Amino acid sequence: MAALPEEPAEVAAVKPDPDAGTPPQPPAAPPAASAAPAATAAAEGDVAGAGGDAAPAKAAAAGPAGSPAALDRQTLVAVLQFLRRSNLRESEEILRREARLLGDDLGTVALSPAGPLGGPGGDGDSAGSEALLSRVTATAPVAIGGSVAAVASSSPGVAAVAALPPGKVGGGVAVEDQPDVSAVLSAYNQQGDPTLYEEYYSGLKHFIECSLDCHRAELSQLFYPLFVHMYLELVYNQHESEAKSFFERFHGDQECYYQDDLRVLSSLTKKEHMKGNETMLDFRTSKFVLRISRDSYQLLKRHLQEKQNNQIWNIVQEHLYIDIFDGMPRSKQQIDAMVGSLAGEAKREANKAKVFFGLLKEPEFDVPLDDEDEEGENEEGKPKKKKPKKDSVGSKSKKQDPNAPPQNRIPLPELKDSDKLDRVMNMKEAARRVRLGPECLPSICFYTFLNAYQGLTAVDITDDSSMIVGGFADSTVRVWSVTPKKLRSVKTAADLSLIDKESDDVLERIMDEKTASELKILYGHSGPVYGTSFSPDRNYLLSCSEDGTVRLWSLQTFTCLVGYKGHNYPVWDTQFSPYGYYFVSGGHDRVARLWATDHYQPLRIFAGHLADVTCTRFHPNSNYIATGSADRTIRLWDVLNGNCVRIFTGHKGPIHSLAFSPNGRFLATGATDGRVLLWDIGHGLMVGELKGHTDTIYALRFSRDGEILASGSMDNTVRLWDAVKAFEDLETDDFTTATGHINLPENSQDLLLGTYMTKSTPVVHLHFTRRNLLLAAGAYSSQ
């Protein structure tokens, strides 16, 4: 079969989400602080450039490409005169220094004395018309076409740009195509009076806390990003005592779910600390997204105009993305449900792409009745009643799902005879499946790993529940048979030559009985094994490790076939596609990679997360991949083109478990915050929140018919939830979809069907058998 087209270079296959950017690399340059784009105020998905109508002068005067002499001297003189009249001496000095940097000696430019508009006691017309003046930022290289332009931006939003040859700035200083960390940090240079930062912040805090209740909840979202950026500005500009005082005074006001981030932030006390810190770079390279109603935004803008609070406004303009919507402001409960991620909420535009969440049409084949079935039916005296039931199982897949992707959208492997036989067995098992519900809960069989001194780090169970695998911290992979049938290896080549290839039981004859055992240990990794996954046909096994590799093992010979090397850091999770052949991996390098078993390089690289990719899961139709991350977001990626088509925010801690519903319409996610969140993939909305666990949720699984959701946690419990009730009567009208006004039930205990405790065993894996028996697994902990 033809695999997905392989890109020539590893990174060329990536189509990162344009909203978030690629986290490990900073953008081409920090935005000029004063270039205040006018706000666009459309009803759908508009962005307040935070300049709004407060910064009327938007233009940039750009000289032709070539020498710095092309800089318009008269424009600079006019700007310097305006700054002098406005009594903005600091900005004037900075601009003069920048002008000298560009090779234009303006140090002796004669400026007229301050006129009646500028100084104290003036008539204030200037303050009225230019109420929100942006400060001047340090020059940073900005890529324009093939050249690098040095930008010095001025107060009223006028940026003087001199285009230079590639790699040169001013007096011949070489510039990297991608700026280094210091270039990324340069936006924090040249701030206002450091002693006034606490006054600025407390003034805004007082204004928000005194505003109407309907606006207070929305505007309170500003506290955290403003706190972080103001603190980083103070640190970067070496005002260490002011930074310490600012942090100690206001860090206690932030939401509890930001405490881990604040702990990292508190360690950044010197400018040198910032240069290698990932958390700081995340804040700088990705704008923090706030979703605010138009009324609340106008209220904020008026307040900052009246107070002329330039410092706050500059940060809003440079570092925040305000997603404005029309309609009623959201309540505190609605906001709390959606916020908490490293970069704020997802933009509404990020969740509007069409997603084919339906299931692919299954191939048609007959389900023969074996002798045992016929005898059983004859004994009951009702031979005709079971046949329609079996036929109906086959006919379910014959109807084309209207939401399904085209059958040939991505190339999938053709079914082998053994696969067809397995499908037939699956359908026959399904005919005997227990129908679960609130009145009929599943039995639970728990596999406890005793004396697991090696450190159990990953578990998986085959689809037919015949084998279980454990990944361990001692770098081994251990496979057990959980049926009376023992694990056997294929005979040697010499012995195979003696076997009659035409015999009916050739598959049995090729197995070597001398190798039969209940346990096989696989050696090869050089670090803890963090993820394992069986192939659907049970012939292969994947494992991923701290050593940065993913290994493919044969379950016929119990040997390693391939080691896939693409990640440079630990690989946290890997999973086979429901159709086999493809698999996905995610790791500490913040990207997920799509592989095919017969390609040694990845077919796709999914970049966009701001922290480790901690868990991965294929959609049932294999056209999409979900990834959960330590940046507290879940992303859905299109396998065909590598695009990010959904971003879900709402968890308050790293994501550790994902599960798609059998019909492909919903996604359940679990995290360190002990909450299970439910998502409607088609509409891109959160539709449920299940509270009850008190520790990290490492395992989630829907029953085979999708009526029960099971969750397993480090709190030593398995909980069963009513999935049918959770997904019925969903609010998915146009208004809800457009604004994100979700209304979650106050109490999720109505959906809890049962809680089952272990003695002292954290639950790390859950699996429903084909007949809906629930299997759980974990390592006994004596603590």
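In this text, all values refer to a predicted model and were calculated from it rather than measured experimentally.

About the cut-offs
Residues numbered from 1 in each chain as written. Predicted model: local features only at pLDDT ≥ 70, side-chain atom pairs only at ≥ 80, totals over all residues. Heavy atoms only, no water. Helix = DSSP H or I, 4+ residues; strand = E, 2+ residues; numbered from the N terminus. Contact = heavy atoms within 4.5 Å. Areas by Shrake-Rupley, 256 points an atom, 1.4 Å probe, with all protein chains shown as cover. Salt bridge = Lys/Arg side-chain N within 4 Å of Asp/Glu carboxyl O. Buried < 20%, exposed > 50% of the residue type's maximum accessible area, 1.4 Å probe, protein only. Core = buried A, V, L, I, M, F, W, Y, C linked by side-chain atoms within 4.5 Å. Axes fitted to C-alpha atoms, helices over the stretch in contact; angles between N-to-C directions. Parallel < 35°, antiparallel > 145°, perpendicular 65-115°, else oblique. Nonpolar A, V, L, I, M, F, W, Y, C, P; charged D, E, K, R; others polar. Pairing = 2+ DSSP bridges. Polar contact = N/O pair within 3.5 Å; in protein donor to acceptor, adjacent residues only side chain to side chain. pLDDT = per-residue confidence, 0-100. Phe/Tyr/Trp six-rings, centres within 6.5 Å; stacked < 30°, edge-to-face > 60°. Lys NZ or Arg CZ within 6 Å of the ring centre and 35° of its normal.

Secondary structure summary: the chain contains 21 helices and 38 strands in total. Sequence separation of at least 24 residues holds for 64% of the intrachain contacts in the chain that already meet a minimum separation of 6. With an accessible surface of roughly 33,500 Å², the chain has 51% of that area assigned to carbon and sulfur atoms.

Inspection of the entire model under this criterion finds 28 salt bridges. E345 is paired through a salt bridge with R330; the nearest N and O atoms lie 2.4 Å apart. Separated by 15 residues along the polypeptide, E345 in the loop between α14 (332-338) and α15 (371-380) and R330 in the loop between β9 (320-325) and α14 bring together distant segments of the chain. Residue classification places R330 among the buried positions, given a relative accessible area of 1%. Here the residues in one salt-bridge network are D422, D463, D464, R538, R704 and R770, joined through shared partners.

All right, on to the nonpolar core then. In terms of nonpolar packing, the biggest core is built from 46 residues, with L222, F227, F246 and L265 touching the most fellow members. At 11 residues, helix α7 (residues 223-236) tops the list of elements feeding residues into this core. One finds A671, L677, W679 and L744 within the second-largest nonpolar core, a separate group that totals 21 residues.

As a packed pair, α7 and helix α9 (residues 259-266) sit with axes 12 Å apart at the nearest point and diverge in direction by 10°. The angle between α7 and α9 places the two elements in the roughly parallel class. Across the interface between the two elements, Y224, F227, V228, Y231 and L232 from α7 touch D261, L262, L265 and S266 from α9. Of the residues that constitute the contact of α7 with α9, the class distribution is 7 nonpolar, 1 polar and 1 charged.

Now for the packing of helix α5 (residues 197-209) against α7. Interhelical geometry of α5 versus α7 gives an angle of 175° and a closest axis separation of 11 Å. Classed by the angle they form, the pair α5 and α7 counts as roughly antiparallel. Contact residues: Y197, Y200, Y201, L204, K205 and I208 in α5; F223, L226, F227, M230, E233 and L234 in α7. Residues of the contact of α5 with α7, tallied by class, amount to 10 nonpolar, no polar and 2 charged.

Attention now moves to the pairing of strand β22 (residues 582-587). With respect to burial, β22 is a largely interior element, 6 of its 6 residues being buried. Alternating residues of β22 divide into Y582, V584 and G586 and F583, S585 and G587, and every residue in both groups is buried. Note that strand β21 (residues 571-576) and β22 share 5 bridges and pair antiparallel. Note on β22: the bridge partner recorded for F576 is F583. Between the end of β21 and the start of β22, which pair antiparallel, lie 5 residues, with G580 showing a positive phi angle near 75°. Where β22 and strand β23 (residues 591-596) come together, 5 bridges link them in antiparallel fashion. The residue of β23 that forms the bridge with G586 is A592. The hairpin turn running from β22 into β23, its antiparallel successor, is 3 residues long, and R590 in that turn takes a positive phi close to 75°.

What follows covers the sheet that holds strand β30 (residues 666-671). One open sheet holds the 4 strands; their spatial order is β29-β30-β31-β32, and the pairing between them is antiparallel. If you trace the sheet from one side to the other, it starts and ends with β29 (655-660) and β32 (685-691), each paired once. The mean angle between the axes of side-by-side strands here comes to 20°, regardless of whether they run parallel or antiparallel.

Take S661: it is sitting in the loop between β29 and β30. Separated by 3.5 Å, the side chain of S661 and the backbone nitrogen of R665 make a polar contact. The contact partners of S661, leaving out residues within four places of it in the chain, are P620, F666 and F702.

Pairing within the open sheet is mixed, and its 3 strands lie in the order β10-β38-β37. Whereas interior strands pair on both sides, the edge strands pair on one side only; in this sheet they are β10 (444-449) and β37 (765-768). Across this sheet, the average inter-strand angle for adjacent strands is 20°, counted without regard to direction.

A few words on the confidence of the model for the chain. Of the residues in the chain, 69% have a pLDDT of 70 or more, and the chain-wide mean is 75. pLDDT under 50 marks residues 7-71. Its contacts with residues more than four places away, or in other chains, come to 166 contacts. Low pLDDT, under 50, characterises residues 101-180; the stretch is placed with 199 contacts to residues that sit more than four places away or in other chains.

Right, let's get into unusual backbone geometry. Backbone geometry at R538 places phi at a positive 65°, although glycine is not the residue there. Among the secondary structure elements, R538 is positioned in the loop between β17 (529-534) and β18 (540-545). Residues other than glycine seldom take positive phi values, yet F558 does so here, at roughly 55°. Along the chain, the position of F558 falls in the loop between β19 (549-554) and β20 (559-565).

This next bit is on the packing of aromatic side chains. Under the definition given, this model contains 25 aromatic pairs. With centroids separated by 4.5 Å and ring planes inclined at 50°, the aromatic side chains of Y201 and F250 adopt a geometry described as tilted. In this pair, Y201 sits in helix α5 while F250 sits in helix α8 (residues 240-250), placing the two residues 49 residues apart along the sequence. Each member of the pair, Y201 together with F250, is buried. Every member of this aromatic cluster is reached through a ring pair, and the members are Y201, F223, F227, Y231, F246, F247 and F250. The positively charged end of R478 is found above the aromatic ring belonging to F472, 5.4 Å away from the centroid. Just above the ring of Y257 sits the side chain of K652; from NZ or CZ to the centre is 5.2 Å.

Looking at the element boundaries, N309 is found in the loop between α12 (294-307) and α13 (310-319). Using a relative accessible area of 8% as the deciding quantity, one classes N309 as buried. With 106 residues separating them along the chain, N309 and G203 place their C-alpha atoms 9.4 Å apart.

Further remarks concern the environment of W572. Counting through the fold element by element, W572 comes out in strand β21. The exposure class assigned to W572 is partly exposed, which follows from its relative accessible area of 24%. Each C-alpha atom, one on W572 and one on G587, is 4.9 Å from the other, the two residues being 15 residues apart in sequence. Residues within four places of W572 in sequence aside, it is in contact with Y530, G531, C544, G586, G587, H588, D612, V613 and T614.

With that out of the way, let us pick up α13. Counted residue by residue, α13 has 9 buried out of 10 residues, so it is predominantly covered. Buried within α13 are the following residues: Q311, I312, W313, N314, I315, V316, Q317, E318 and H319.

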